[in-house]
Amino acid sequence: MAEEKRKFPSEVVDLPSKGLLYPKDHPLASGQIEIKYMTAKEEDILTSRTLIQKGIVLDKLMESVIVQDGVKLDDLLLGDKNAIMIATRILGYGKDYSVELVDPDSGEKQSETFDLTKIEDKKIDEKLFKGGKNEFDFDLPASKVKITFKLLTHKDEKEVDEELKALKKFQKESGVTSEITTRLKKAILSVDGDQTRKRINEFVDYELLSRDSLALREYLRDITPDIDLTFTFISESTGDETDMDIPLNVEFFWPAGRG
């Protein structure tokens, strides 16, 4: 498969994580990944109704363009995956991305065009990263409990989504979803040194204070390597400014004018 992909031109993409959170013997520890240009084969993937209905069309696209030996999509940190999506879109259809967004003030649709080459990586504090180890410590401010956690990979994200889907049938009556607790259980590696899954689950379900949960999630978000998708939306009707994120979805790979 790798040899077949290499018949096409490729580019090397810098990863927001700089490779610091991958094991030192992992190909991504270099801080870069090789991807190939999109071809008609990838357009077949993007138009597959089956893949779209299953919600895995973008995953299949990413798997198709990654050509670096020894790299699996499941290994990727979510921020690095986002960087690959941006690079794939630029190589496939150019740097200009036009999209219609809903004005939060008027509710009307407003067109915006972004230059994808101007999207930058979030600034990260490399001193927090233990070379080759996806592991961080955090003291919860209210309870003073010491938490060790990791940043989620694509594989982790898939497992979270599967768990949430499985829980849906039990949560229809209450209308309460378990998204926050499910993600925290996946991210947390130990509670005061106890690494057992039983202890972690019990802590998240019954002992984790809301202010500690918020503090942990904010810290996790702040240190996560990623691309910076934020921009200032200016309402054409009111002139008001709102911070928003550039949307990345299936339509991201379908520029205006494509047939």
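These lines cover the structure that appears in this document, whether it is placed above or below. (Residues numbered from 1 in each chain as written. Predicted model: local features only at pLDDT ≥ 70, side-chain atom pairs only at ≥ 80, totals over all residues. Heavy atoms only, no water.)

## Brief notes about helix α5 (residues 78-93)
Part 1 of the argument: Along its 16 residues, α5 runs 23 Å from first to last C-alpha, staying within 8% of the 22 Å computed at 1.5 Å per residue.
Part 2 of the argument: For α5, the full list of buried residues reads Gly-79, Asp-80, Lys-81, Asn-82, Ala-83, Ile-84, Met-85, Ile-86, Ala-87, Thr-88 and Arg-89.
Part 3 of the argument: Directly after α5, the chain includes Gly-94, whose backbone phi takes a positive value near 95°. (Helix = DSSP H or I, 4+ residues; strand = E, 2+ residues; numbered from the N terminus. Expected span 1.5 Å × (residues − 1). Buried < 20%, exposed > 50% of the residue type's maximum accessible area, 1.4 Å probe, protein only.)

## Observations regarding the packing of helix α7 (residues 179-187) against helix α8 (residues 197-207)
Part 1 of the argument: Contact geometry for α7 and α8: axes closest at 10 Å, N-to-C directions at 150°. In the packing of α7 onto α8, the handedness of the crossing is right-handed. Two secondary-structure elements touch here, α7 through Thr-181, Leu-184 and Lys-185 and α8 through Arg-197, Ile-200, Asn-201, Val-204 and Asp-205.
Part 2 of the argument: Among the residues forming the contact of α7 with α8, the class breakdown is three nonpolar, two polar and three charged. (Axes fitted to C-alpha atoms, helices over the stretch in contact; angles between N-to-C directions. Left-handed = near helix turned anticlockwise from the far one by under 90°. Contact = heavy atoms within 4.5 Å. Nonpolar A, V, L, I, M, F, W, Y, C, P; charged D, E, K, R; others polar.)

## Observations concerning the environment of Ile-45
Part 1 of the argument: Tracing the backbone shows Ile-45 in helix α2 (residues 40-46).
Part 2 of the argument: A residue is classified by how much of its surface remains accessible, and Ile-45, at 13% relative accessible area, is buried.
Part 3 of the argument: Put simply, Ile-45 and Lys-60 are 15 residues apart on the chain and 7.0 Å apart in space, counted from C-alpha to C-alpha.
Part 4 of the argument: Excluding residues within four positions of it along the chain, Ile-45 makes contact with Leu-51, Val-57, Lys-60, Leu-61 and Ser-64.

## So, the sheet that holds strand β7 (residues 188-191)
Part 1 of the argument: Taken together, the three strands give an open sheet; going across it, the order is β5-β6-β7, and neighbouring strands pair in antiparallel fashion. Each edge of the open sheet is held by one strand with a lone partner, namely β5 (136-139) and β7. Sheet twist, expressed as the average angle between the axes of neighbouring strands with direction ignored, equals 25°.
Part 2 of the argument: Lying on the sheet, α7 is in contact with β6 (146-149) and β7; it crosses β7 at an angle near 80°. (Pairing = 2+ DSSP bridges.)

## A word on unusual backbone geometry
Part 1 of the argument: One non-glycine residue with positive phi stands out, namely Lys-144, at about 65°.
Part 2 of the argument: Relative to the assigned elements, Lys-144 resides in the loop between β5 and β6.
Part 3 of the argument: Looking at Lys-144, the relative accessible area reads 61%, which means it is exposed.
Part 4 of the argument: With phi around 50°, Asp-192 is a residue other than glycine that occupies positive phi space.
Part 5 of the argument: Mapping Asp-192 onto the fold places it in the loop between β7 and α8.

## Focus on the packing of aromatic side chains
Aromatic ring pairs are defined here through the distance separating the ring centres and the angle between the ring planes.
Part 1 of the argument: Applying the stated criterion to the full structure yields eight aromatic pairs.
Part 2 of the argument: When the ring of Tyr-97 is compared with that of Phe-114, the centres are 6.4 Å apart and the planes differ by 35°; the resulting orientation is tilted. Here Phe-114 lies in strand β4 (residues 109-115) and Tyr-97 lies in strand β3 (residues 96-102), a separation of 17 residues in the sequence. Here Tyr-97 matches Phe-114 in class, with each residue buried.
Part 3 of the argument: Clustering of aromatic rings is evident, with ring pairs tying together Tyr-97, Phe-114, Phe-231, Phe-252 and Phe-253. (Phe/Tyr/Trp six-rings, centres within 6.5 Å; stacked < 30°, edge-to-face > 60°.)

## Brief notes about the packing of α7 against helix α9 (residues 210-223)
Part 1 of the argument: Running from N to C, α7 and α9 point in directions that differ by 60°, and their axes come no closer than 12 Å. Along this stretch, α7 crosses α9, giving a crossing that reads as left-handed. Residues Ile-180, Leu-184 and Ala-187 of α7 touch α9, and the partners they reach there are Ser-213, Leu-216, Arg-217 and Leu-220.
Part 2 of the argument: A class-by-class count of the residues in the contact of α7 with α9 yields five nonpolar, one polar and one charged.

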